[in-house]
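Inside the fold
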Amino acid sequence: MVIKVQNLVKRYGDLLALDHFGLEIKEGEVFGLLGPNGSGKTTAINCMLSLLKYDKGTIEIFGKPMTPDAYDTKRNIGVVMQNVAVFNELTVFENIHYFCSLYISDKEKCNKYVDEAIEFVGLQDYRKFKPKKLSGGLLRRLNIACGIAHKPKLIFLDEPTVAVDPQSRNNILEGILRLNREGATIVYTSHYMEEVERICSRIAIIDKGRTLAIGTKEELKKMIKTGETLTIEMYKLSDDDLESIKSLPHITDAAYSDNRLIVHCSGGKHNLIRVLDTLKVRDLSFGRVYSELPTLNDVFLEITGKELRD
Amino acid sequence: MFFFLFSSRVKTLLRDKDSVFWTLLFPILLATFFYIAFSSVMNKSEEFSPIPTAVVNNDSYKSNTYFSEFLKSVSSGDNPRLKLSVLDEKEADEKLENGQVSGVIIVSDTISLKVKKSGLNQSILKTLLDQYLQTEKTVQAVIESNPNAIGEGLLDALSDQNIYTKEITFSGAKPDTMLNYFYALIAMSCLYGSFWGMRNTTEIQADLSALGARRSIAPTHKLKAVSSDILAALVIHFSEILITVGYIAFVLGVDFGERWGYVVLTCLVGCFTGVSFGTFIGSAFRKSENFKTSILLGFSMTMSFLSGLMFGNMKIIIDQNVPILNMVNPAALITDAFYSLYIYEPLTRYFINIGLLCVISILFTIGSYLFLRRERYASI
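Criteria and cut-off values
Residues numbered from 1 in each chain as written. Chains lettered and ligands numbered in written order. Predicted model: local features only at pLDDT ≥ 70, side-chain atom pairs only at ≥ 80, totals over all residues. Heavy atoms only, no water. Helix = DSSP H or I, 4+ residues; strand = E, 2+ residues; numbered from the N terminus. Rg over C-alpha atoms; globule rule 2.2 N^0.38 Å. Contact = heavy atoms within 4.5 Å. Areas by Shrake-Rupley, 256 points an atom, 1.4 Å probe, with all protein chains shown as cover. Pairing = 2+ DSSP bridges. Axes fitted to C-alpha atoms, helices over the stretch in contact; angles between N-to-C directions. Domains from an automatic or database assignment. Expected span 1.5 Å × (residues − 1). Buried < 20%, exposed > 50% of the residue type's maximum accessible area, 1.4 Å probe, protein only. Arc of directions from axis to C-beta. Buried area = accessible area lost by both parts, 1.4 Å probe. Salt bridge = Lys/Arg side-chain N within 4 Å of Asp/Glu carboxyl O. Polar contact = N/O pair within 3.5 Å; in protein donor to acceptor, adjacent residues only side chain to side chain. Nonpolar A, V, L, I, M, F, W, Y, C, P; charged D, E, K, R; others polar. Parallel < 35°, antiparallel > 145°, perpendicular 65-115°, else oblique. Left-handed = near helix turned anticlockwise from the far one by under 90°. pLDDT = per-residue confidence, 0-100. Phe/Tyr/Trp six-rings, centres within 6.5 Å; stacked < 30°, edge-to-face > 60°. Lys NZ or Arg CZ within 6 Å of the ring centre and 35° of its normal. Patch = residues over 30% accessible without salt bridge, like charges linked within 9 Å, V, L, I, M, F, W, Y side chains within 5 Å. Lys, Arg positive; Asp, Glu negative; His and termini not counted. Charge placed at Lys NZ, Arg CZ, Asp CG, Glu CD. Core = buried A, V, L, I, M, F, W, Y, C linked by side-chain atoms within 4.5 Å.

1. Brief notes about the overall build of chain B
Summing up its helical and strand segments, chain B has 17 helices and four strands in all. Taking 2.2 N^0.38 as the reference for a compact globule, 380 residues should give roughly 21 Å; the C-alpha atoms of chain B span a radius of gyration of 31 Å, well beyond that estimate. Here the C-alpha coordinates of chain B stretch approximately 100 × 45 × 35 Å along the principal axes. Counted over contacts in chain B with a minimum sequence separation of 6, partners at least 24 positions apart contribute 72%. If you sum the accessible surface of chain B, you get close to 19,500 Å²; carbon and sulfur atoms cover 61% of it.

The following block contains the structure:
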């Protein structure tokens with residue numbers, strides 16, 4: 001086990017930020033931490049990194065208790081912060097070199113790693129640029145390079161794609177998967193469900209400081225009531241026909257507009273067949289048919305609720 | 001690792017153009033401004049110009065031989081105090097009106113002075129006449145009680161203008177109140193080292209910046225990181241102060257005396273005080289960088305003002321009214337260290353100043369250590 005967190009309790013005054021939070025992350029995983037704002041994701045990461053004091057619980061990383069002076073453990077950890085954390089006075093190369101040197105004492109090896117990190121994030125043309133001259137996307141890439149240049153075995157990425165354009169985001173996600181293929185275990189937090197769904201092998205959904213659900217995306221999708229959504233192109237559909245579809249088992253809702261019948265199903269098998277049979281029986285012709293499985297967004301909203309958060 | 005941390009920090013801080021401006025260029029510009037503003041005063045010769053004075057040539061004046069002799073004596077010689085014109089009343093009044101004379105002396109039953117305005121010349125004239133009248137009264141009183149006194153050398157004794165106090169300087173240096181402004185300026189520069197100290201703490205504390213968090217996560221011992229940062233700030237600031245002092249001393253020609261070793265020691269201790277002050281403020285408050293910069297600027301300027309940066313006599317006024325303030329104000333201690341080094345031969349007062357500065361710096365350092373030693377934070 002790379003990370004083992006048990007019964008973690010963290011209070012900010014009266015606010016219970018982590019409520020007996022627990023987590024186990026295996027070697028080689030890309031583990032996603034999902035949760036609404038203020039759910040405790042960053043607090044949990046800061047406790048795991050031994051930056052924050054906590055009231056109760058245990059944290060083990062690489063099988064050893066994590067403490068501020070666990071330097072051997074820290075040497076194998078890389079962190080990409082939510083906020084860009086670089087020196088404005090140093091160039092791209094100097095920034096990456098500085099942070100890499102804190103972990104790697106061999107100068108030759110360090111320089112090699114820095115060059116590789118620059119290439120990894122695609123900043124070869126910006127080596128001598130100072131951070132103020134970089135665009136938001138390039139700055140994020142520099143931030144990532146500073147966190148991963150020393151080739152850590154465990155990498156925490158706390159919302160690394162915030163305010164990044166789609167091209168840069170894609171580049172970053174590809175990079176994370178590459179790091180994982182090269183052997184790093186990744187802990188990833190993000191608000192973007194499609195990112196988590198795309199790269200994470202296992203996901204924990206947390207809210208109010210507690211782990212509400214944990215598993216692969218398929219396992220999570222099975223945990224919720226929401227099932228597939230069917231879209232059927234049709235020229236006409238009477239209210240009577242629509243009511244007959246709504247009355248079918250496992251159909252939670254159905255609506256017809258713009259020549260499209262959209263049917264929401266709960267979990268259950270053969271929903272599509274049943275709907276199509278009904279249409280045939282009623283002698284209704286239809287065109288293309290689509291079936292969409294529930295997304296991680298559906299899972300997230302069903303588990304954490306739909307009310308607005310801060 | 002320590003050298004790497006130190007050299008990286010030096011490189012980073014030196015490229016911080018804003019801080020370099022405030023800690024190096026601003027004091028140099030201010031010193032140049034002081035020099036231009038004070039140059040007329042500093043280079044002015046202390047030679048006394050005789051005061052143009054008229055005396056009305058009436059019968060009373062002609063008959064008062066003692067007084068006419070007195071006026072003659074103060075208007076002649078190597079260093080005459082008056083440039084005397086003996087005129088009729090109308091002519092004298094015209095010259096007074098035109099500003100050609102500072103005052104008109106009229107002898108009647110009494111001796112009176114007519115002036116058009118008040119000023120230094122008029123005050124000197126009044127003092128001279130008061131002195132004469134005082135002497136005259138004394139002579140009359142002595143003669144009434146002892147008529148033989150004149151024969152016993154009374155007049156010689158009275159005309160002998162002895163000065164019974166003597167201006168002495170221990171180091172042979174000439175007292176100069178203008179120097180205090182430059183010394184206070186260097187004190188202010190030393191305290192500006194607090195900006196470096198504050199920046200250091202912001203970038204090492206995980207609860208103050210993302211950069212601090214990233215550095216805290218690294219496998220570097222906290223004490224090593226903190227001490228290398230402080231040393232880098234100290235080296236940079238000390239170099240800046242030496243450049244500033246060098247400029248003030250060798251380009252502007254401000255006198256620091258002969259004891260350069262102690263001047264450098266004062267700079268070093270002053271820098272340490274400034275950097276440790278900033279480190280303390282930076283680590284003690286979890287406020288924005290702008291808020292802390294305002295605190296540091298406000299404190300530095302107030303302390304410099306109280307040490308005589310804007311008003312030379314301020315330190316003396318505080319010494320007379322709230323002496324304890326001068327003992328806890330680092331700017332006043334640095335200013336006084338420079339001045340006592342310049343003016344006094346014995347080093348007692350100098351070392352008291354340096355000792356107090358060291359105590360203040362150590363207190364700031366201990367306070368900073370208590371905040372900086374935290375490795376885990378209650379909140380980030």
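2. Focus on the sheet that holds strand β3 (residues 103-107) of chain B
Residues and elements named next belong to chain B. Ordered by their spatial adjacency, four strands build an open sheet running β2-β1-β3-β4, and the pairing between neighbours is mixed. Strands with a single pairing partner mark the edges of an open sheet, and in this sheet they are β2 (82-87) and β4 (111-114). Averaged over all adjacent pairs, the angle separating strand axes in this sheet is 25 degrees, with direction ignored. Here strand β1 (residues 51-56) pairs with β3 via three bridges, running parallel. Across the sheet, V55 pairs through a bridge with I105, a residue of β3. With respect to the sheet, helix α5 (residues 89-98) is in contact with β1, β2, β3 and β4, its orientation differing from that of β2 by roughly 140 degrees. Sheet strands touched by helix α6 (residues 120-145): β1, β2, β3 and β4. Its angle to β4, the strand with the most contacts, is close to 180 degrees.

3. Topic: the domain arrangement of chain A
With domains assigned, chain A is organised as domain 1 (3-222) and domain 2 (229-293). Computed over C-alpha atoms only, the centres of domain 1 of chain A and domain 2 of chain A are separated by 44 Å.

4. With respect to helix α6 (residues 166-181) of chain A
Residue and element names in this part refer to chain A. The end-to-end C-alpha separation of α6 is 22 Å, in line with the 22 Å expected for 16 residues at 1.5 Å each. If you check which residues of α6 are buried, you get S168, R169, I172, L173, G175, I176, L179 and N180. End-on, the buried residues of α6 take up no more than an arc of 155 degrees, which puts them together on one face. Turned more than 90 degrees from where α6 packs its buried face, P166, Q167 and R181 sit exposed. Those residues of α6 that are buried lie in contact with β3 (30-34), α4 (107-120), α5 (136-148), β7 (154-158), β8 (185-189) and α7 (193-199). After α6 finishes, the residue G183 shows a positive phi value of roughly 115 degrees.

5. Observations concerning the interface of chain B and chain A
When the parts come together, some accessible area is lost, and that loss is often what is quoted as the size of the interface. Each side of the interface is counted separately: chain B has 30 residues, and chain A has 37 residues. Counting the surface lost from both chain B and chain A, the interface buries some 2,900 Å², and carbon and sulfur atoms represent 63% of this. Two residues, E94 of chain A and R15 of chain B, come together in a salt bridge whose shortest N-O distance is 2.6 Å. Summed over the shared surface of chain B and chain A, the number is eight residue pairs in polar contact (both at pLDDT 80 or more). Along the lines of polarity and charge, the residues of the side of chain B that touches chain A split into 13 nonpolar, six polar and 11 charged.

6. Quick word on the pattern of salt bridges
All told, the structure shown has 27 salt bridges over all chains when counted by the stated rule. Linked through salt bridges whose partners overlap, the residues forming this network are E89 of chain A together with R9, D16, R199, E203, R215 and D229 of chain B.

7. A closer look at the packing of helix α9 (residues 194-202) of chain B against helix α12 (residues 260-284) of chain B
Residue and element names in this part refer to chain B. Taken N-terminus to C-terminus, the directions of α9 and α12 make an angle of 40 degrees; their axes are 6 Å apart at the nearest point. Relative to α12, the element α9 lies oblique. Crossing of α9 over α12 shows right-handed handedness. Here S194, G197, M198 and T201 of α9 come into contact with α12, specifically with G274, V275, F277, G278, T279, G282 and S283. Within the contact of α9 with α12, the residues separate by chemical class into three nonpolar, eight polar and no charged.

8. A look at the domain arrangement of chain B
Taken domain by domain, chain B comprises domain 1 (2-41 + 177-373) and domain 2 (51-159). Each of domain 1 of chain B and domain 2 of chain B was reduced to a C-alpha centroid, and the two centroids are 56 Å apart.

9. Observations concerning the confidence of the model for chain B
Taken over all residues, the pLDDT of chain B has a mean of 86, while the share at 70 or more is 90%. Here the predicted complex scores 0.74 on pTM and 0.81 on ipTM.

10. Focus: the packing of aromatic side chains
Within the structure shown, the criterion is met by 34 aromatic pairs over all chains. Between Y98 of chain A and F99 of chain A the ring centres are 5.1 Å apart and the planes differ by 90 degrees, which places this aromatic pair in the edge-to-face class. Judged by relative accessible area, F99 of chain A falls into the buried class, the value being 1%. The interplanar angle of 45 degrees and the centroid separation of 5.2 Å between the aromatic rings of F277 of chain B and F364 of chain B together place this pair among those described as tilted. Within this pair, whereas F277 of chain B is found in helix α12, its partner F364 of chain B is found in helix α17 (residues 348-372), the two being separated by 87 residues in sequence. Neither residue differs from the other here; F277 of chain B and F364 of chain B are each classed as buried. Here the aromatic residues Y183, F250, F256, W260, F338, Y339 and Y342 of chain B are joined through ring pairs into a cluster of three or more. For the cation-ring pair, R169 of chain A lies above Y192 of chain A, with the distance from its terminal atom to the ring centre recorded as 3.9 Å. It is R214 of chain B that lies over the ring of F99 of chain A; its NZ or CZ is 5.3 Å from the centre.

11. Here we look at the pairing of strand β6 (residues 77-80) of chain A
All names here are of chain A. A two-sided burial pattern is seen for β6, the buried positions comprising I77 and V79 on one face and G78 and V80 on the other. Sheet analysis places β6 next to β7, joined by four bridges and oriented parallel. What sits directly across from V79, in β7, is F156.

12. A short note on a negative patch on the surface
All names here are of chain B. On the surface, D88, E89, E91 and E94 cluster together to form a negatively charged patch. When you line up the elements, E94 lands in helix α5. Relative accessible area serves as the criterion here: at 43%, E94 is assigned to the partly exposed category.

13. Some points on the nonpolar core
One finds I3, F21, I96 and F156 of chain A to be the most contacted residues of the largest nonpolar core, which totals 90 residues. Membership of the second largest hydrophobic core comes to 62 residues, among which are L13, A31, Y181 and F256 of chain B.

14. Considering the sheet that holds strand β5 (residues 64-65) of chain A
Residues and elements named next belong to chain A. Judged by pairing direction, the sheet is antiparallel, and its four strands sit side by side in the order β2-β1-β4-β5 without closing on themselves. A single partner strand is all that each edge strand has here, and the edge strands are β2 (15-25) and β5. Pairing analysis gives seven bridges linking strand β1 (residues 3-12) to β2, with the strands arranged antiparallel. Among the inter-strand pairings, K10 is bridged to a residue of β2, identified as L18. In the packing of helix α1 (residues 41-48) onto the sheet, the strands contacted are β1, β2 and β4 (56-61), and the crossing angle to β2 comes to about 65 degrees.

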